[in-house]
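So the chains spell out like this:
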Amino acid sequence: MSRLKQFIIEIHRRSLWQVLMVYLGACWAVLEASDQVIERYLLPEWVYPTEIIVLLVGLPIVLATAMVREEAGKPAAPARSAADSDRAASGEATTKPKAEPPVARQAQEERRYGARGAGTLGRYLTWPRAVMGVLGALVAVGVVSAFVVYRGAGRVTASSGAAGDAFAERAWLVVAEFDAADEDEDIALAARELLAVDLQQSQYVNVYGREQIAPVLRRMGRPDTVRVDRALALEVAEREGIEAVLAATVARLGGDYVFSARVLQPASGQELIAVRAAAREDRLADGVETLSREIRRRLGEARGEIRRSEPLPRVTTRSTEALRAYAQAVDANDRGEYEQGLDFALEAIRLDTTFALAYRAAAVLNRNMGRWGEAVPYASRAHELRDNLTARERLQVEAFYHWSVELDPRRAAEVYERLLAQYPDDYTAASNFALMAEYLGEWERAYQASLRAVELEPYRPAAYGHAILTARWTNRWQVADSMIALARDRGFARRAAAWSQSEALGLRDWARADFLCDSLLAEETNPAWSMSYLSACGSLDIARGRIDRGIERKLTVARFHASRRSYVGYGGALAGPVMGEAMRGRMAAARAYWEDALAFADPEALPAPERFILGTTAQVVPYMLGWPDLAEDAGARYPPYPDSTHAIRTYGERLVRAARAVQDGDAERAIEWLRGARGEIFKPTSWEMEKDLLFARAYEQLGQPDSAVKYFEAVIRPARLAEGFISLLSLPGLERRLADLEAGRGNVSAAVRHYQNFLELWSDPDPELLPQVESARRALERLLAEPRAVPHGERN
């Protein structure tokens, strides 16, 4: 300490510019050392500028101290005693003071300088205080940064550049595969996926996904599975006019992962942004999230917008890592990535076995994949854990339990309605209430709830899907069209194309529907959505008389569902080949497909409720197609629903009895059974259409064509055609049947309309269907020749 004091005293004795030079030299040494430490230990980016600020703040303090100490260091003239004054007046010499040792004089001066400083400043602006203050601030910066590194959370360690005008809001970004050492390839894949998911949450950035890149690769003569590295990503972006490419590397350094990312302009390869981030090995998601946040900020996204997208879901769990996995499961579900979402949900459950909302998420994802029975244990476990949840979460879990386990959408709707009354901003409650109202046939309430969901979450595509569906069922087609345009503007172009295609089906705009099918199938997306598009287009093919192509597409969809144990999806896909073969009179081939579906849906392999739902369908459809032996065999193989009082059992049993009665020609008995079949339960959509078809056939047997026409028309109403599936597959046969019924009751204009609809639908069918087309054309010509007929081409 004495040497430090000696050094400080020597400093103050020098002139001011010398003090400045010494201080600047010390600053340079500190910053050089800090730069090395920051690089080596991956300290946060803010450390270096914070140190510069501390040193700049310290400069005026040091200079002020030097000035004050210099003023205080000037010795004052010694005071004279009265005796000295008298001797001086008489001419006597004064006594020469005794010399003091140098060290003693130095100590005395030091004490004097400390005591005599220039007023108040002199007491506070001392060299020990100035030097210790600057050093203390630098040490505090170091301690805080060391704590951040010790915690291992994600941190930006370097960043530069800005996109400026090169990247506008909602512009597109291609994320190249991450580069990494061979042993870190799995980490690189995971980091790239996490980064893409996080960027997709942004309302500022659009990520050009793998499904959009796939057709570009095919045009380039590359396989879809090729690794999209930096060079290939730049080439794809340049071809497609994409604004920017993000290329990154991931590496290990000590116990940390280091991410280095650059955003490049495709045409020039110019670097717009460079960001480096780090995180401890067990905090991979933290590091990627930090990297994404800094990239978004430098691309131009406002800080406020970034903060709004950052918070994790506010749900009950003891594990932050489980919460992150849950957030990714929810996001994957919204994107239709159900398999990936289920993996995230199961990871959240592994990290926190008491995480009720994660169990609920796993149930939701299984249901969305058509595995209803596999959803039941997860929904049941969530219900068991509900006592430890908040009131809001408890209601969500209870509502979902009523729906998916008890198969009671009315009770579920009541809970969701109560939840919305208490928490009007709950998107999940609004969206699921709309779904429950849809199941209950309360379409106006479903429409209003779906609009509320869009208002609450304008950047969640599922909300638009419900709103479009319910708008069509309430005959608001213009509203549905506006919703499609709004979804497209908000970045959901592929979903908007699919909704436009279904709109074309409902409006019978076959040329547009074909065009949009070709467009959707030309660009691959995730497997679940690809199969959804392929199924819809396969149904359109069969309905338009392109039977072979339609069956081929439907079989591809069936194999997909079989690989994922989706029994309902498999059976639904094979309904296409069954009806396609029936259209061309190959009933043996149609029966073979149906037997294949029954063999796959082995009752012993089926969980509830699929066992009973498929068992009911397995009896109703064969009766309608004239295969009573298959229906009876299915009735013997599939056990009834265990709760004999449950509405789903009574509804299903009435449908089966009505189908048997129609097969036996007992129409009055069939109508009696159908009138007691209530649809206000959990129901597959096909059951309602089967019910309408059975009503129509029963009234036809009774010779009541007015009622038969009413129910046949209900099967092919525009909202149902927009959904595709059974209604679309039934369309050609029902148009011919309606034409015959209308002609039989003397309604020639309606008969003409139905014949024209059929001929327009089968404008270019497979050659083997041409005899049916010629038969319909001749019937139409006979009707048009009658005086009461409407002019050719007129529509009612």
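Further up the page is the structure itself.
Remember, it's a predicted structure, so these values are computed and weren't measured experimentally.

Draft legend 1. Structural detail: the side chain of Arg 192. With respect to the helices and strands, the residue Arg 192 is situated in helix H8 (residues 185–200). Of the residues examined, Arg 192 reaches a relative accessible area of 13% and is grouped as buried. Within the local environment of Arg 192, its side chain forms a polar contact with the backbone oxygen of Val 175, the two atoms lying 2.6 Å apart. Here Arg 192 is in contact with Val 175, Ala 176, Glu 177 and Phe 178, once residues within four sequence places are set aside.

Draft legend 2. Focus on the pairing of strand S4 (residues 244–253). Two strands pair when backbone bridges link them, and strand S2 (residues 171–175) and S4 are joined in this way by three bridges, in the parallel orientation. Directly across from Val 174, in S4, lies its bridge partner Val 245. In textbook terms, the turn of a hairpin is the stretch between consecutive antiparallel strands, and for S4 and strand S5 (residues 256–264) this stretch comprises two residues, one of which, Gly 254, has a positive phi near 65°.

Draft legend 3. Representation of the nonpolar core within the structure. Ranked by internal contacts, the top residues of the largest apolar core, which has 94 residues, are Leu 694, Phe 712 and Leu 728. Among the nonpolar cores identified, the runner-up in size contains 41 residues, and Tyr 401, Phe 433, Leu 440 and Ala 496 belong to it.

Draft legend 4. Representation of the environment of Asp 35. Position of Asp 35 relative to the elements: it lies in helix H2 (residues 16–41). Asp 35 sits in the partly exposed class, given a relative accessible area of 30%. The sequence separation of Asp 35 and Tyr 48 amounts to 13 residues, and the corresponding C-alpha distance is 7.3 Å.

Draft legend 5. Quick look at the pattern of salt bridges. Within this structure, the stated rule accounts for 47 salt bridges. Glu 339 is the partner of Arg 564 in a salt bridge, and the nearest nitrogen-oxygen pair spans 3.6 Å. With Arg 564 in the loop between helix H26 (547–563) and helix H27 (567–583) and Glu 339 in helix H14 (residues 338–351), the pair connects residues that are 225 residues apart, well separated along the chain. Take Arg 564: its relative accessible area is 23%, and that puts it in the partly exposed class. On the accessibility criterion, Glu 339 (33% relative accessible area) is partly exposed. A single network of salt bridges, built from pairs that share partners, joins Asp 514, Asp 541, Arg 544, Arg 546, Arg 549 and Arg 553.

Draft legend 6. Up close: the packing of helix H17 (residues 391–404) against helix H18 (residues 409–422). Viewed as axis vectors pointing N to C, H17 and H18 meet at an angle of 160°, and their least axial separation amounts to 7 Å. By the criterion of interaxial angle, the relationship of H17 to H18 is roughly antiparallel. Crossing of H17 against H18: the hand is left-handed. Along its contact with H17, which presents Arg 392, Leu 395, Gln 396, Glu 398, Ala 399, Phe 400, His 402 and Trp 403, the element H18 presents Arg 411, Ala 412, Val 415, Tyr 416, Arg 418, Leu 419 and Gln 422. Residue classes in the contact of H17 with H18 are distributed as eight nonpolar, three polar and four charged.

The rules we used
- Residues numbered from 1 in each chain as written.
- Predicted model: local features only at pLDDT ≥ 70, side-chain atom pairs only at ≥ 80, totals over all residues.
- Heavy atoms only, no water.
- Helix = DSSP H or I, 4+ residues; strand = E, 2+ residues; numbered from the N terminus.
- Buried < 20%, exposed > 50% of the residue type's maximum accessible area, 1.4 Å probe, protein only.
- Polar contact = N/O pair within 3.5 Å; in protein donor to acceptor, adjacent residues only side chain to side chain.
- Contact = heavy atoms within 4.5 Å.
- Pairing = 2+ DSSP bridges.
- Core = buried A, V, L, I, M, F, W, Y, C linked by side-chain atoms within 4.5 Å.
- Salt bridge = Lys/Arg side-chain N within 4 Å of Asp/Glu carboxyl O.
- Axes fitted to C-alpha atoms, helices over the stretch in contact; angles between N-to-C directions.
- Parallel < 35°, antiparallel > 145°, perpendicular 65-115°, else oblique.
- Left-handed = near helix turned anticlockwise from the far one by under 90°.
- Nonpolar A, V, L, I, M, F, W, Y, C, P; charged D, E, K, R; others polar.

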